[in-house]
Amino acid sequence: MRITNTGLLFDDPNRSTPGYIVICPVDDGRTFLLAPDGSVAHEWDTGHGMTNWSYLLPNGNLFRNERVAEPKGVALTVSGRMSEYDPAGNLLWRHDDPYQHHDARRLENGAIFAAFTELSEVEKSQIQGGYPGSETPGGPYGEAIRQVDENGTLVWEWHFTNLGMETHPLHPNSNKWSYGHTNTVYPLDDGTYLISSKNLNLLFILDPKTNAVTWEFQDNGMSGQHDAQMLENGNILIFANGAYSQDLHHSEVWEIDPTTKEVVWKYVAKDDFTSFFSPHMGGAQRLPSGNTLICEGNKGCLFEVTPEEDVVREFVSPHMVQSPQFGQINWLFRCRWYAPESPEIMALSQSVTL
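Residues numbered from 1 in each chain as written. Predicted model: local features only at pLDDT ≥ 70, side-chain atom pairs only at ≥ 80, totals over all residues. Heavy atoms only, no water.

Kindly report on the side chain of Ser245, identifying the contributing residues and their values.
Topologically, Ser245 is positioned in the loop between β18 (236–240) and β19 (252–257). A distance of 2.9 Å separates a polar atom in the side chain of Ser245 from the backbone oxygen of Gly242. In this structure Ser245 touches Ser223 and His250, once residues within four positions along its chain are discounted. (Helix = DSSP H or I, 4+ residues; strand = E, 2+ residues; numbered from the N terminus. Polar contact = N/O pair within 3.5 Å; in protein donor to acceptor, adjacent residues only side chain to side chain. Contact = heavy atoms within 4.5 Å.)

Shown next as structure tokens:
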């Protein structure tokens, strides 16, 4: 089914949550700030990328993942470059690591990010599970979480092999590109990190001071989840892709109580639950209203749902890209919403007209 309608398709102003949204089309060099009506309020021209999500910093600057000219690791998913731009598009800070992929976060002094690593042949042979013959050239690769300071110097690194390959096998239907396939590195207030591993169907919290995993949650029902984040109520929100589903493939959004490890809220599409499906990218964000913004990445669709799971707003990205690998697409790896009075938007509005 081809996309025939784009832009703001539906809005219930009495129940939706007005705000600005940052998107960056996959395989494109542009980042857009969408106004509440879906129009482009501001635009940055930057570097290209596949897993090239961007977000605003409290000072109004843009932090972006981009692709380097010569990436290493799994070529399709590598970004390799982390950049900070001011509202005018001037480069203020940059760090290149050709192994970096999927996620990176700007810290007060540097950045934290996911990276591929090289494994020995012995280590490769110890990886359990995965679909036979699905290895990428040179792989399977290892995975690491890396932190660099403002000068780009590596100050901390942790390897997924510390999890234990025998106790943490890949899902049988997942590819064997890497051991972990990290897609989220989310800094928590106490200095630890919430990590999401797609092909292990695993969430865990890592303490960089001790290198210890202090909490973990494994559930194949997440089916290659993305965009894990801690909510203000202490629960964890994820986009459960459904890539490895045992029944009809479809995506869901889960809110998980980390204490009980129970799913306390779930969004499933009403009527035809298979109509909501993004197999390998996507995200969700809990809004101040209590509604949830969902990024159905492979359709370029952003929609907002109430706690009762009613859809109250729907937007389909009109920003099409001619991708060398996938043809014409409007994919969105992730998005982020900002209130009009948020520090990010207030700072940005001091430099540009929104």
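Quick one: what's the story with the environment of Ile205, residue by residue and with numbers?
By the element assignment, Ile205 lies in strand β15 (residues 202–207). Its relative accessible area of 11% is what places Ile205 among the buried residues. Distance from Ile205 to Tyr186, taken between C-alpha atoms, is 9.3 Å for residues 19 residues apart in sequence. Apart from residues lying up to four places away in sequence, Ile205 is in contact with Leu188, Thr192, Tyr193, Leu194, Ala212, Val213, Thr214, Trp215 and Met230. (Buried < 20%, exposed > 50% of the residue type's maximum accessible area, 1.4 Å probe, protein only.)

With reference to specific residues and values, describe the pairing of strand β12 (residues 154–159).
Relative to β12, strand β11 (residues 142–148) is paired through 5 bridges, and the arrangement is antiparallel. Paired with Val148 across the bridge in β12 is Leu154. Adjacent in sequence and paired antiparallel, β11 and β12 are bridged by 5 residues, among which Gly152 carries a positive phi angle near 85°. (Pairing = 2+ DSSP bridges.)

A description of the layout of surface pockets should follow, citing residues and the corresponding values.
By volume, the largest pocket amounts to about 1200 Å³. At the level of secondary structure, the elements contributing two or more residues to the lining of the largest pocket comprise β5 (54–56), β9 (100–107), β13 (182–187), β17 (226–230), β21 (283–286), β27 (332–338) and α2 (343–349). When grouped by side-chain class, the residues that make up the lining of the largest pocket number 17 nonpolar, 6 polar and 9 charged. (1 Å grid on protein atoms, 1.4 Å probe; cavity = no way out; pocket = protein on both sides within 12 Å on 5 of 7 lines; lining within 4 Å. Points joined across faces, edges and corners; volume = space filled by probe spheres on them. Nonpolar A, V, L, I, M, F, W, Y, C, P; charged D, E, K, R; others polar.)

Describe in detail the sheet that holds β5, supporting the description with residues and values.
Strand order in the open sheet formed by 4 strands is β5-β6-β7-β8, and the pairing between neighbours is antiparallel. Only two strands of the sheet have a single neighbouring strand rather than two, namely β5 and β8 (91–96). Averaged over all pairs of adjacent strands, the angle between their axes in this sheet comes to 20°, without regard to strand direction. (Axes fitted to C-alpha atoms, helices over the stretch in contact; angles between N-to-C directions.)

Describe the sheet that holds β27, with residues and values.
Backbone-to-backbone hydrogen bonds pair the strands of a sheet. The strands run either parallel or antiparallel. The sheet built from 4 strands is open, its strands ordered β4-β3-β2-β27 with antiparallel pairing. The open sheet terminates on both sides in strands that have one partner only, identified here as β4 (40–45) and β27. Put simply, the sheet's adjacent strands are angled 20° from each other on average, direction ignored. Inspection of the sheet shows strand β2 (residues 20–25) paired to β27 by 5 bridges, in the antiparallel sense. Within β27, the position partnered with Tyr20 by the bridge is Tyr338.

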